[in-house]
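Structural overview for review
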Amino acid sequence: MIRVKKSYPEVFNEKVNPRSEMVNGTLLTDQHGKCYLCERVTTTDYEVEHRMARKDYEELKCEWSNLLLACSYCNRKKGNRYNDIINPLLINVEDKLKQEIDFGNKQMVFSIVGNNSSPELCATIRLLEELFNGKNGLRKIREERFFEYALRKLKEFQSVVVNYIKEPSDEHANEVRVLLDIKEEFLGLKYWIIKTNPMLEREFGEDIIWNKVR
Ligand SMILES: [Zn+2]
């Protein structure tokens, strides 16, 4: 999960129609078709998600700043149980949350960076853990399929990174860069592969700043 940048077209006053083509289209363009939670590219399974659930926050139902693009998998799991996650439009999520892959134990590991614990960060970790690792660490078939897909993509990334480490040529660097493009999936997890290796951070530090406000 990384920071999300949305445009605020003038035609959008405070209240918008979440079902309108304009809102759907703008969210798809702004988020490059990706779910803001799991960062998968959606095809037809995208949904306009209310970060603060409309069931609990009726007044935010049509508020542009409360609408984000999510996939149906994440939207359903989030429901109205995670109204208190961090606002990815305002926070550099990738700096606040360490997002790592435990290839051996087949788990994604999310933790808070430094001593900046907050209820919002804790709620975000709980949600991400549920999405990637299943409820209470147990994956059912759907969760397993989701996880296997993520793992496959991240293994692909890991292998181009290893190629670069073994032979840091321009060609290999370019292969890493392609997979760090804003249109690519699972950037939060990829960023931390880069950030935890000084050699990689030196080379790709400027490629892991999408949407970020410095
Ligand atoms: Zn998702």
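Below is a short write-up of the structure. Note that the structure is predicted; figures quoted are calculated from it, not measured. (Residues numbered from 1 in each chain as written. Predicted model: local features only at pLDDT ≥ 70, side-chain atom pairs only at ≥ 80, totals over all residues. Heavy atoms only, no water.)

Describing the coordination of the zinc ion
Rule in force here: A donor here means any N, O or S atom no more than 2.8 Å from the metal (3.2 Å for Na, K and Ca); water is not included, so a site may seem to lack partners. Donor angles set the geometry label: tetrahedral for four donors if every angle is between 85 and 135 degrees, square planar for four and octahedral for six if opposite donors exceed 155 degrees and the others are between 65 and 115, irregular for anything else. The helix and strand labels rest on DSSP assignments: H or I over at least four residues marks a helix, E over at least two residues marks a strand, and numbering proceeds from the N terminus. Three exposure classes are used, based on accessible area relative to the maximum for each residue type with a 1.4 Å probe and protein chains only: buried under 20%, partly exposed in between, and exposed over 50%.
At 2.3 to 2.4 Å from the zinc ion lie its protein donor atoms, namely Cys 35 (SG), Cys 38 (SG), Cys 71 (SG) and Cys 74 (SG). Considering all four donor atoms around the zinc ion, the spread of angles at the metal, 101 to 115 degrees, places the coordination shape in the tetrahedral class. All donors of the zinc ion come from a single chain, and their spacing in sequence reads C-x2-C-x32-C-x2-C. Taken together, the residues span a long stretch of sequence, with Cys 35 in the loop between helix H1 (21–30) and strand S1 (46–50) and Cys 74 in helix H2 (residues 72–78) at a distance of 39 residues. By the burial criterion, Cys 35 is buried, and Cys 74 matches it.

What to know about helix H5 (residues 141–166)
Structurally, the α-helix is built with 3.6 residues per turn, so residues lying three or four positions apart point the same way. Rules: A helix is expected to reach a length of 1.5 Å times the quantity of its residues less one.
Under the 1.5 Å per step criterion, the end-to-end length of H5 is 37 Å for 26 residues, consistent within 8% with the ideal 38 Å. Along H5, the residues that are buried comprise Glu 143, Phe 146, Phe 147, Ala 150, Leu 151, Leu 154, Phe 157, Val 160, Val 161 and Tyr 164.

Here's the deal with the pairing of strand S3 (residues 97–102)
Regular strands show a simple pattern: their side chains alternate between the two faces of the sheet. Quick reminder of the rule: In short, DSSP must find at least two bridges between two strands for them to pair.
Residues Leu 97, Gln 99 and Ile 101 point to one face of S3 and are all buried, whereas Lys 98, Glu 100 and Asp 102, pointing to the other face, are not buried. In this sheet, strand S4 (residues 107–112) lies alongside S3 in antiparallel orientation, the contact comprising six bridges. Residue pairing for S4: Lys 98 is matched across the bridge by Ser 111. Hairpin connection of S3 to S4: four residues between the antiparallel strands, including Lys 106 at a positive phi of 50 degrees.

Quick notes on the nonpolar core
Worth spelling out the cut-off: Only buried residues count toward a nonpolar core, which is a set of Ala, Val, Leu, Ile, Met, Phe, Trp, Tyr and Cys residues joined through side-chain atoms within 4.5 Å. For this analysis, residues touch if any pair of their heavy atoms sits within 4.5 Å.
Core analysis: the biggest nonpolar cluster contains 51 residues, and Leu 37, Met 108, Phe 132, Phe 157 and Val 176 have the highest contact counts within it. Looking at which element gives the most residues to this core, the answer is H5, with nine residues. Apart from residues lying up to four places away in sequence, Phe 132 is in contact with Cys 38, Met 108, Phe 110, Arg 139, Phe 146, Phe 147, Ala 150, Phe 186 and Leu 189. Core analysis: the second largest hydrophobic core is formed by eight residues, Val 16, Val 23, Leu 27 and Val 48 among them.

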